[in-house]
Amino acid sequence: MSFRPLHDRVLVRRVTAEEKTRGGIIIPDTAKEKPQEGEVIAVGSGTLNDKGELRALDVKAGDRILFGKWSGTEVKLDGEELLIMKESDIMGILDNASVAKAA
């Protein structure tokens, strides 16, 4: 299935939560919090400014982003749980150096 968000909406896949702490303690599923980091899958075309011109979004497919704990709406597409959120719900884009360092 192909999905294309409209206007200023973004389709996001959450990153997988860590199974262990840095000290090696295994975290049970009941104690895990949903990650607030994700990968942009698809973006809408943008919004219209006051002059009627289309303003493209700042994020693009493939970007790693941070978003608020309660941001977006959960949807299930092709058996995968994804989030649809507005661009304004996104707090920032993680650059490749910080993503590699975290891994």
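Everything numeric in this text was worked out from a predicted model, so none of it was measured.

Q: How should I be thinking about the sheet that holds strand 6 (residues 73-77) in this particular structure?
A: One key point about sheets: their strands pair by backbone hydrogen bonds, in either a parallel or an antiparallel sense. On the basis of which strands lie adjacent, the open sheet formed by six strands has the order 6-7-1-2-5-8 and antiparallel pairing. Only two strands of the sheet have a single neighbouring strand rather than two, namely strand 6 and strand 8 (90-94). The sheet shows a mean angle of 45 degrees between the axes of neighbouring strands, direction not considered.

Q: Whenever I open this one, the pattern of salt bridges confuses me. Can you help?
A: When the charged atoms of two side chains with opposite charge come close together, those side chains can pair. Overall, the coordinates contain six salt bridges when judged by the stated rule. Among the salt bridges present, the one from Arg13 reaches Glu80, with a minimum N-O distance of 2.5 Å. One end of the pair, Arg13, is in strand 1 (residues 9-14); the other, Glu80, is in strand 7 (residues 80-86), with 67 residues separating them in the sequence. You can call Arg13 partly exposed: its relative accessible area is 30%.

Q: So what exactly am I meant to see when it comes to the nonpolar core here?
A: Nonpolar side chains in soluble globular proteins tend to end up buried together. Ranked by size, the top nonpolar core spans ten residues in total: Val10, Val12, Val40, Leu57, Val59, Ile65, Phe67, Leu83, Met85 and Ile90. Counting only elements with at least two residues in this core, the list comes to strand 1, strand 5 (64-67) and strand 7. Contacts of Leu57, omitting those with residues within four sequence positions, involve His7, Asp8, Arg9, Val10, Val43, Gly44, Gly46 and Glu87. Counting residues in hydrophobic clusters, the runner-up holds five residues, among them Leu11, Ala42, Leu77 and Leu82.

Reading the values: the criteria
- Residues numbered from 1 in each chain as written.
- Predicted model: local features only at pLDDT ≥ 70, side-chain atom pairs only at ≥ 80, totals over all residues.
- Heavy atoms only, no water.
- Pairing = 2+ DSSP bridges.
- Helix = DSSP H or I, 4+ residues; strand = E, 2+ residues; numbered from the N terminus.
- Axes fitted to C-alpha atoms, helices over the stretch in contact; angles between N-to-C directions.
- Salt bridge = Lys/Arg side-chain N within 4 Å of Asp/Glu carboxyl O.
- Buried < 20%, exposed > 50% of the residue type's maximum accessible area, 1.4 Å probe, protein only.
- Core = buried A, V, L, I, M, F, W, Y, C linked by side-chain atoms within 4.5 Å.
- Contact = heavy atoms within 4.5 Å.

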